[in-house]
Amino acid sequence: NGKAYQSWSPSTGNYWRTTGDIGSTFASMISHVDPNSTTAFAAGPGRWNDPDMLEIGNGEFVTNLVGAQTHFSMWCEMAAPLIAGDNVTTISAQSLAILTNSEAIAVDQDPAGEQGVLVGGIKDSAEVWSKPLGYDFTTRAVALLNRSTTTPAVITCNFTNLAFQAGTTATVRDLW
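Attention here is on the structure that accompanies the text.

### Examining the overall build of the protein chain
Piece 1. When helices and strands are counted, the protein chain shows five helices and five strands.
Piece 2. Secondary structure elements of the protein chain occur, N-terminal to C-terminal, as α-β-α-β-α-α-α-β-β-β.
Piece 3. The C-alpha atoms of the protein chain give a radius of gyration of 16 Å, which matches the 16 Å a tight globule of 176 residues would have.
Piece 4. When the backbone C-alpha atoms are referred to their principal axes, the protein chain occupies close to 45 × 40 × 30 Å.

### Notes on the environment of Leu 96
Piece 1. You can see Leu 96 is positioned in helix 4 (residues 93–99).
Piece 2. Separated by 46 residues in sequence, Leu 96 and Asp 50 place their C-alpha atoms 21 Å apart.

### A word on the pairing of strand 5 (residues 139–146)
Piece 1. One ladder, built from eight bridges, connects strand 4 (residues 126–133) with strand 5; its direction is antiparallel. Its bridge partner being in strand 5, Lys 131 is matched across the sheet by Ala 141.
Piece 2. Where strand 4 folds back onto strand 5 in an antiparallel hairpin, the turn is made up of five residues, including Gly 134, whose phi is positive at roughly 70°.

### Remarks on the packing of aromatic side chains
Piece 1. One pass over the full model with this rule turns up two aromatic pairs.
Piece 2. Taking the centre distance of 6.4 Å and the plane angle of 75° together, the rings of Phe 72 and Trp 176 count as edge-to-face. Taken together, the residues span a long stretch of sequence, with Phe 72 in helix 3 (residues 65–77) and Trp 176 in the segment after strand 5 at a distance of 104 residues.
Piece 3. For Trp 176, a relative accessible area of 36% puts it in the partly exposed group.
Piece 4. Where Phe 159 meets Phe 164, the ring centres are 5.8 Å apart and the plane angle is 75°; that geometry is what we call edge-to-face.

### Focus on a nonpolar patch on the surface
Piece 1. Taken together, the side chains of Tyr 15, Met 53 and Ile 83 define a hydrophobic patch exposed on the protein surface, amounting to about 260 Å² of accessible area.
Piece 2. Relative to the elements of secondary structure, Met 53 occurs in the loop between strand 2 (48–50) and helix 3.

Rules used throughout
- Residues numbered from 1 in each chain as written.
- Predicted model: local features only at pLDDT ≥ 70, side-chain atom pairs only at ≥ 80, totals over all residues.
- Heavy atoms only, no water.
- Helix = DSSP H or I, 4+ residues; strand = E, 2+ residues; numbered from the N terminus.
- Rg over C-alpha atoms; globule rule 2.2 N^0.38 Å.
- Pairing = 2+ DSSP bridges.
- Phe/Tyr/Trp six-rings, centres within 6.5 Å; stacked < 30°, edge-to-face > 60°.
- Buried < 20%, exposed > 50% of the residue type's maximum accessible area, 1.4 Å probe, protein only.
- Patch = residues over 30% accessible without salt bridge, like charges linked within 9 Å, V, L, I, M, F, W, Y side chains within 5 Å.
- Areas by Shrake-Rupley, 256 points an atom, 1.4 Å probe, with all protein chains shown as cover.
- Salt bridge = Lys/Arg side-chain N within 4 Å of Asp/Glu carboxyl O.

Now the structure itself:
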């Protein structure tokens, strides 16, 4: 069992790698999302699944700023450790703005410590991810993930996917 370490890691450390090494491409970043999500059950306050460092400001993520936002958004949605894998003293202002988005960081570091998981959409294409925030079950961080770099997607998020009753009203905020 490749994930057997998840049964003992939370009692011996604060975070553990769930994937191999990441590359500085959108495809590599996307390939780390699914393996990291299979052990969402092990994450919580003081214990985190680590899909590897952030590549924002490196490789494709120097110029693909939408991809860099997607990378940061998914790491925050998954409550992953936010470890910059570049030289933060020399990256562009745009990349630094992504790495320091305080609202996205607040999603990552929500005290409830829940890891977001896939809750809807079309798997491997246009997906809806949800992460409960706080302890009152009324707030969610929702990530709409288009895995394609070439095809735009229309992504529908149904309240039932978020464990809200039909007819619920919501305030929605785009963190970017």
